[in-house]
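Summary of the model geometry
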Amino acid sequence: RAKAEFDRRICYYERDMDEQARERRDMARDLWTAVENDGFHLAYQVQKSVATSEITGYEVLLRWNRPGYGEVSPADFIPVAEECGAINAIGVWVLKVACLEAASWPEPFKIAVNVSGLQLSQIELIATVRNTLLMSGLAPHRLELEVTETSIIGDKQRALHILRQIKALGVSIAIDDFGTGYSSLETLRAFPFDKIKLDRSFMSEVESNEQSKAIVRAILALGRSLSVPVLAEGVETSAQLDVLRKEGCTEAQGFLLGRPGAIDWSDRLELGMRA
Ligand code: C2E
Ligand code: MG
Ligand code: MG
Ligand code: MG
């Protein structure tokens, strides 16, 4: 009886695995189709100075309207794109469109582009970044690449080499989702980051929980002693922003300041800037 039950479970398990494998294969096929047919678009989310509320830049977030499914989160399709290799073509496309777009923005605004771990393991990324800057005419200091520490778990030496070469072009590097990885402090010590992006999970309790607040305070102090600005992700309430202001956080990003989407250029008029 137990044997029969066991066999039945194994059978379900295998069927689940088949199902998942098939779903990933279908998604991979649709991703390649999207690469070939211009099936992606970009959303932009504003980043602001905490002290002055001035716009400092925008993060580019990839969007995919998958035929028959609707909007799929990049958190769900980026891993599949990495697995099937489509991430390279997608990454080149994102960088190109983002830099062309940013080249028309007012001078001080930077553009932040997410880079996946797979891209960071490939030496071609250096040439891709260099060529994209040349082609778009965007000044290198206006481009920032966001890398997560989990994306550096592969060949660290190679990733370090690639990041150094990209920095040598004048491009800056931010560590994304800081505080959620296995060895945040080790990563911070070994890699030449220009900005720390505090993961949004720290924001949810920062007003109500003293422990969360203490951790945020400690990371902000760390940034100050390393002379690295800290940007808080996922700021949704003005109470959270107040805490960040009191604790001396440099920049903030989140639904409170602006949702990802098309850029609202009335912000620019507010700043008295001309195109
Ligand atoms: P991320 O780089 O940490 O991006 C921030 C994510 O938090 C975005 O999700 C954004 O929509 C969401 N977010 C922003 N403000 C708030 C807020 O106040 N509250 C909450 N709850 N969420 C907020 P999204 O667009 O779904 O992207 C998820 C992840 O996918 C990104 O995390 C990034 O790791 C990855 N990703 C996005 N675009 C690209 C891309 O072009 N290339 C690569 N390799 N990865 C990308
Ligand atoms: Mg990011
Ligand atoms: Mg993040
Ligand atoms: Mg994230």
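Scroll up for the structure.
Now for a look at the structure at hand.

Cut-offs used in this document
- Residues numbered from 1 in each chain as written.
- Chains lettered and ligands numbered in written order.
- Predicted model: local features only at pLDDT ≥ 70, side-chain atom pairs only at ≥ 80, totals over all residues.
- Heavy atoms only, no water.
- Phe/Tyr/Trp six-rings, centres within 6.5 Å; stacked < 30°, edge-to-face > 60°.
- Helix = DSSP H or I, 4+ residues; strand = E, 2+ residues; numbered from the N terminus.
- Buried < 20%, exposed > 50% of the residue type's maximum accessible area, 1.4 Å probe, protein only.
- Lys NZ or Arg CZ within 6 Å of the ring centre and 35° of its normal.
- Near = heavy atom within 4 Å.
- Polar contact = N/O pair within 3.5 Å; in protein donor to acceptor, adjacent residues only side chain to side chain.
- Areas by Shrake-Rupley, 256 points an atom, 1.4 Å probe, with all protein chains shown as cover.
- Nonpolar A, V, L, I, M, F, W, Y, C, P; charged D, E, K, R; others polar.
- Axes fitted to C-alpha atoms, helices over the stretch in contact; angles between N-to-C directions.
- Contact = heavy atoms within 4.5 Å.
- Donors = N, O, S within 2.8 Å, 3.2 Å for Na, K, Ca; no water.
- Parallel < 35°, antiparallel > 145°, perpendicular 65-115°, else oblique.
- Left-handed = near helix turned anticlockwise from the far one by under 90°.
- Pairing = 2+ DSSP bridges.
- Expected span 1.5 Å × (residues − 1).

On to the packing of aromatic side chains, then. A complete count under the given rule lists eight aromatic pairs for this structure. Considering the side-chain rings of Phe 40 and Trp 93, the 6.2 Å spacing of their centres and the 45° angle between planes classify their relative orientation as tilted. Of this pair, Phe 40 sits in strand β1 (residues 40–49) while Trp 93 is found in helix α3 (residues 86–102), placing the two residues 53 residues apart along the sequence. With relative accessibility at 8%, the residue Phe 40 sits in the buried group. Members of the aromatic cluster, joined through ring pairs, are Phe 40, Trp 64, Phe 77 and Trp 93. Here the guanidinium or amino end of Arg 66 rests over the ring plane of Tyr 69, the centre of that ring lying 3.7 Å away. Lying across the ring of Phe 255, Arg 259 places its NZ or CZ 4.0 Å from the centre.

We now examine the site of ligand 1. The environment of ligand 1 is made up of 24 residues, and the closest members are Arg 63, Asn 114, Asp 176, Glu 236 and Phe 255. One of the side-chain N or O atoms of Arg 63 is found 2.9 Å from an oxygen atom in ligand 1. Taken by itself ligand 1 offers 800 Å² of open surface, and the protein chains cover 82% of this. Contributing elements (two or more residues each) for the shell around ligand 1: β2 (55–66), α2 (74–84) and β6 (172–178). Among the elements that make up the shell around ligand 1, the one with the highest residue count is β2 (four residues). When grouped by side-chain class, the residues that make up the shell around ligand 1 number ten nonpolar, six polar and eight charged.

Before going further, it helps to spend a moment on the packing of α2 against α3. One can describe the packing of α2 onto α3 by two numbers: an axis separation of 5 Å at closest approach and a directional angle of 115°. Residues Ile 78, Ala 81, Glu 82 and Cys 84 of α2 form the contact with α3, whose own contacting residues are Ala 86, Ile 87 and Ile 90. Partitioning the contact of α2 with α3 into residue classes produces six nonpolar, no polar and one charged.

Tetrahedral coordination by four donors sets the ideal angle at the metal to 109.5 degrees; octahedral coordination by six donors sets it to 90 or 180 degrees. Distances from the magnesium ion (ligand 2) to its protein donors, namely Glu 59 (OE), Asn 114 (OD1), Glu 146 (OE) and Asp 176 (OD), fall within the range 2.0 to 2.2 Å. Going along the chain, you hit the donors of the magnesium ion (ligand 2) in the pattern E-x54-N-x31-E-x29-D. Judged by relative accessible area, which is 6%, Asp 176 ranks as buried.

Across the interface, α3 lies against helix α5 (residues 124–136) with an axial gap of 9 Å and an inter-helix angle of 30°. The angle between the axes of α3 and α5 places the two elements in the roughly parallel class. For the pair α3 and α5, the crossing hand works out as right-handed. Within the contact between the two elements, α3 uses Val 92, Leu 95, Lys 96, Cys 99 and Leu 100 and α5 uses Thr 128, Val 129, Thr 132, Met 135 and Ser 136. For the contact of α3 with α5, the residue count by class is six nonpolar, three polar and one charged.

Moving on to the coordination of the magnesium ion (ligand 3). Coordination of the magnesium ion (ligand 3) by the protein involves Asp 176 (OD), Asp 177 (OD), Glu 233 (OE) and Glu 233 (OE), with metal-donor separations of 2.0 to 2.4 Å. Between consecutive donors of the magnesium ion (ligand 3), the numbers of intervening residues give the motif D-D-x55-E. In this model, the magnesium ion (ligand 3) sits 4.1 Å from the magnesium ion (ligand 2), the two metals being bridged by Asp 176. Here Glu 233 lies in the loop between β8 (230–232) and α9 (238–246) and Asp 176 lies in strand β6, a separation of 57 residues in the sequence. The burial state of Asp 176 is the same as that of Glu 233; both residues are buried.

Attention shifts here to the pairing of β1. Taking burial as the measure, the ten residues of β1 include nine buried ones, the bulk of the element. Where β1 hands over to β2, the hairpin turn is made up of five residues, of which Ser 53 adopts a positive phi near 65°. Where β1 meets strand β9 (residues 251–252), two bridges bridge the pair, whose relative direction is antiparallel. Directly across from Lys 48, in β9, lies its bridge partner Ala 252.

With that settled, the discussion passes to the side chain of Gln 47. Its place among the elements puts Gln 47 in strand β1. Judged by relative accessible area, which is 3%, Gln 47 ranks as buried. Of note is the side chain of Gln 47, whose polar atom sits 2.9 Å from the side chain of Gln 253.

Moving on: α3. Given a rise of 1.5 Å per residue, 17 residues ought to cover 24 Å, and the 24 Å separating the end C-alpha atoms of α3 matches this to within 8%. Those residues of α3 that fall on the buried side of the exposure criterion are Ala 86, Ile 87, Ile 90, Gly 91, Val 94, Leu 95, Ala 98, Cys 99 and Ala 102.

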